Amino acid sequence: LMFTFKGANYGDYGDQVSAEAMLLGISATAAGRTSDENVFLLFVEFAKLGTLMASTGDLDNDGLVDATYDNCALSSVDGAHVVTAIGNITDILGQIGTSLIGNGLAGALAAACSNLGGACAVTQTANVTAVMNQGGRTLVGESNLGIGLKAPLNDPFCQLTNAPIDPVAAGSKCPKGTGALPICP
């Protein structure tokens, strides 16, 4: 998604967050929206993720993750939006099926969800817990699940698959640490 949205800026991301809010204003769940509204929100969520990744992880707009990218530096607001994007995508796909995105991405999302402690059922940022937020920010740089940016500073340390996730564990900040903490602080 980052490559698809190469050159996007953080203002574009704000517009996508606003579009998401309008559609969630119709209903917080896919069951309360029409198929057209759900398909539109599905694409808004993909755009939101791609734009966030491009505007924070590819500052030189070359389509490659910057060598110094620190996904753990994403704000807690951005982390919450990562979580809700995945939650909304999961909710929508449960309502309309996976044919629009294919089983490969659906499988990758399911693998990520198994590591996010219930986050895939969250569709609104107000319901994102601190642990879910840490997981969402970590997922952005994840290498092992096939979803994140494979942030160069992360590998092999800051990975959800290195869990159990312990947000209060002693250790250095991921991804710049020594791997003592396998999730963003």
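1. Details of the confidence of the model for the chain
Line of reasoning, step 1. Taken as a whole, the chain shows an average pLDDT of 81; of its residues, 77% reach a score of 70 or greater.
Line of reasoning, step 2. The secondary-structure element of the chain with the lowest mean pLDDT is helix H4 (residues 102-113), recorded at 68, while helix H1 (residues 10-26) shows the highest, at 96.
Line of reasoning, step 3. Note that pLDDT drops below 50 for residues 164-173; the model gives that stretch 19 contacts with residues more than four away or on any other chain.
Line of reasoning, step 4. Predicted confidence is poor over residues 176-180, with pLDDT under 50, and the contacts of this stretch with residues over four places away or in other chains come to ten contacts.

2. Notes on the pattern of salt bridges
When the charged atoms of two side chains with opposite charge come close together, those side chains can pair.
Line of reasoning, step 1. One pass over the full model with this rule turns up two salt bridges.
Line of reasoning, step 2. For the salt bridge of Lys-48 with Glu-20, the shortest nitrogen-to-oxygen distance reads 2.6 Å. Residue Lys-48 is found in helix H2 (residues 35-57), and its partner Glu-20 is found in helix H1; the two are separated by 28 residues along the sequence.
Line of reasoning, step 3. For Lys-48, a relative accessible area of 1% gives the class buried.
Line of reasoning, step 4. Of the charged contacts in the structure, one is a salt bridge between Lys-48 and Glu-45, with a shortest N-O distance of 3.2 Å. Here Lys-48 and its partner Glu-45 are both found in helix H2, three residues apart, which amounts to about one turn of the helix. Each member of the pair, Lys-48 as well as Glu-45, carries the same accessibility label: buried.
Line of reasoning, step 5. Residues participating in the shared-partner salt-bridge network are Glu-20, Glu-45 and Lys-48.

Scoring rules and cut-offs
- Residues numbered from 1 in each chain as written.
- Predicted model: local features only at pLDDT ≥ 70, side-chain atom pairs only at ≥ 80, totals over all residues.
- Heavy atoms only, no water.
- pLDDT = per-residue confidence, 0-100.
- Helix = DSSP H or I, 4+ residues; strand = E, 2+ residues; numbered from the N terminus.
- Contact = heavy atoms within 4.5 Å.
- Salt bridge = Lys/Arg side-chain N within 4 Å of Asp/Glu carboxyl O.
- Buried < 20%, exposed > 50% of the residue type's maximum accessible area, 1.4 Å probe, protein only.

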